[in-house]
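Chain and residue survey
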Amino acid sequence: MEQQKLLDLLKDMSLDEKINQLFQGGAGFYAEGSIATGPASEQGFSEKTIREAGSVLSVVGAKTIKEIQKNHIENHPHHIPLVFMADIINGYKTIFPIPLAQGAAFNPKVAYTGAEVAAKESSAAGIHVTFSPMVDLVRDARWGRVMESTGEDPYLNSVYAKALVEGYQGDDPKKSGKLGACVKHFAGYGAPTGGRDYNNVELSERTLRDDYLPAYEAAIKAGALLVMTSFNTLNRIPSTANKWLMRQVLREEMGFEGTVISDWAAIEEIKYHGLCEDRKGAAKLAIEAGTDIDMMTTCYSNYLKELIESGEVSEELLDEAVLRVLELKNKLGLFENPYKDADEDAEKTVLLCEEHRKKAKEAAKETFVLLENNGILPLKKEEKVAFIGPFTEEKNIIGAWSIFGEAKDAVSVKEGVEAYKVNALFAKGCDSIDPGKKVYGMNLPYDCKRTKEEADAMIEEAVETALKADKVVMCIGEHMAQTGEAASRGDITIPKQQKKLLKAVARVNKNIIVVLFNGRPLDIRKIKELAKAILVVWMPGSEGGNAITEVLYGETAPSGRLPMSFPYSVGQVPVFYGEFNTGRKMDDSNPDNKFQSRYIDIPNKPLYTFGYGLSYTKFTYSEVNLSRGLLEEGGELIASVIVRNTGKRRGAEVVQMYIRDDCGSVARPVRELKGFEKIWLEPGEEKEVSFSITEEILKFHDINMNYTAEKGSFTVFIGSDSDTNNQKKFELI
Ligand code: BGC
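In short, a report on the structure. Remember, predicted model here, so these are calculated numbers, not experimental data. (Residues numbered from 1 in each chain as written. Predicted model: local features only at pLDDT ≥ 70, side-chain atom pairs only at ≥ 80, totals over all residues. Heavy atoms only, no water.)

1. Details of the pairing of strand S28 (residues 712–719)
Burial analysis of S28 places six of its eight residues in the buried class, the great majority of the element. Strand direction decides the pairing type here: strand S23 (residues 651–661) and S28, joined by six bridges, are antiparallel. Within S28, the residue paired with Ile659 across the bridge is Val716. Where S28 lies against strand S29 (residues 727–732), six bridges are found, and the strand directions are antiparallel. Each residue of the ladder has a partner; that of Phe717, found in S29, is Gln727. (Buried < 20%, exposed > 50% of the residue type's maximum accessible area, 1.4 Å probe, protein only. Helix = DSSP H or I, 4+ residues; strand = E, 2+ residues; numbered from the N terminus. Pairing = 2+ DSSP bridges.)

Okay, structure coming up:
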């Protein structure tokens, strides 16, 4: 539809109609068996509001959506179609590894493909917009939602943000098989104080701008149609009411022209944050801040009319928001084709099809991170291997946010190994949840009803199995429901019964390989002591068991690297590589010096740093070569290394370039990732890898908050992780 027609339509709409266009209702109003991702609300949504609503969340299925849409259009005064939105995160039915795992691939193509598959499947099921990508920078492993992000680094997250948006939207979200992307949660939601979900956020403006905003901006530049506000406060103002954030930063500075949606009930929550006395006040603050859509509350639909009629809110503000909703529908082509790709036949052929499963398996294999290996891996087909632990059978390995995916469609480790036909034994050993404990998933509680006695008997059986094997693969970790929204943890170790199982097995068989399932970095000190190899597999998705089997048996080498540092213990959290020197930097050669920036009982360094990960082979690096020692304004410098596979197997190396600004007008991080490339090398093969360095990538917010690069000395590091010492200096003149 032409813009003028949208404006004419807007002019023709009644005040009520316009207000209701900003309302997004949950599936419960429209379809049975719906999925709720926020607290249930009993606020009296009127029938008229629902009849005239602008969008719906969490309804899926071509048949249902077509019926709802048809009925809605027929009954709507201007026959305006609904937009159907849902959280399609790491897949719809074919589930890819969780986003944090995708970050570990250090290969944005993995995310692009995952998004492409998710878009294809969910658009066939009638969805128009996904609430993804979530690009919140995450540095606190206690926070359950770190699994939804690609990690602790602004550059890595930005590269992925772009790939995800492009994967969902293609070159035009209107096209068949594509979705509109909604980047979230704007802004800073990934830094809740104490790692507790929904908690307030304290960030300096410089940290916000230098570290947290770049990934949202990358998604916006890639064309994301929507932005979702975050639950948290920034500078003590909830984002949904934050005029500076939404109008100045997002719209003026970043040039965002799309639609802003509140997070679930976030408009009403402005009241609970204490910025207004009632929901009417919340509606006023939110519309003034530029929040267009009200997800799941009646703040707008019940109070905007009063506010406009009394002159407290101008009708122009309302019109601005409504126009953005109409524009969204137009960008999705819904005025011409309100059903878009919803198609029952396509659902049958596309969902969980062979091609998608194959892509999910290839993706998963790229995300596993090998933390330790004394040579015990890869396994050999003829060895007798015992697969022990709750995650041998667990099919809930699709990640907390796969709300439409089903565990039954996932391949467990046991199924993967059995199909591979090797000499294997199996014993569950214990449940993934401790006996008598319960954890709440997004929609279901999971519990373990076994008594302690029954649980201990299972350990005995596992020990017997371990005695019969040459090697033991321990499949252990945290339950999927211990991660995700509203799943912050104060203890980031694996559950107690699993620790007990590991110790009991390790007593009788020393050849332990741990395959760790997790949605966050865990404290794995004890595991490290007992295992000869550790493979982090995150929540690997529908094809998890097959992918794990192929990597364990060496069909492919593991090639993931940590997208978040694994802490030594929870006491270090948040711990991340891009920290600052402080005035009293820890001098490792002088540990007895008390007055240094340090803990007296634990090390400063994480157990495994960002970017770390092994392969089944070894690589060597040449010195860093710089094309020139000086970089002038507008110029370019090439930094390169030659990487060689010196081992006996094919493998991948993630070559990483970090840069330190040696002296700035404000303290600068000790190093920052500025480039990476994953390369596969045959034994004995070598390759030159080069990175371009321009003034642009050296920019930051200086003492006057100008975004600029300051002249002077810089150090460039190129190596296999964020601890590399392979370095050279250059000067920006
Ligand atoms: C989450 C969002 C999600 C929304 C809709 C909220 O609770 O914070 O990330 O998109 O629910 O399901």
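2. Section: the pattern of salt bridges
Counted by the stated rule, this structure contains 60 salt bridges. The salt bridge partner of Lys305 is Asp16, with a shortest N-O separation of 3.2 Å. Within this pair, whereas Lys305 is found in helix H12 (residues 299–309), its partner Asp16 is found in helix H2 (residues 15–21), the two being separated by 289 residues in sequence. With relative accessibility at 30%, the residue Lys305 sits in the partly exposed group. For Asp16, a relative accessible area of 23% corresponds to the partly exposed category. Here Glu320 makes a salt bridge to Arg324, at a shortest N to O gap of 3.3 Å. Note that Glu320 and Arg324 are positioned in helix H13 (residues 315–331) at a spacing of four residues, about one turn of the helix. (Salt bridge = Lys/Arg side-chain N within 4 Å of Asp/Glu carboxyl O.)

3. Topic: unusual backbone geometry
Cis geometry is adopted by the peptide bond preceding His185, which originates at Lys184 and carries an omega value of -10°. Of note, His185 is situated in strand S5 (residues 180–186). Despite not being glycine, Met296 has its phi angle at roughly 65°, a positive value. By secondary structure assignment, the location of Met296 is in the loop between strand S10 (294–295) and H12. Exposure remark for Met296: the relative accessible area of 8% places this residue in the buried category. In this model, Met705 sits at a positive phi of 65°, which is unusual for a non-glycine residue. Relative to the helices and strands, Met705 is located in the loop between strand S26 (700–701) and strand S27 (707–708). Given the relative accessible area of 27%, Met705 is considered partly exposed.

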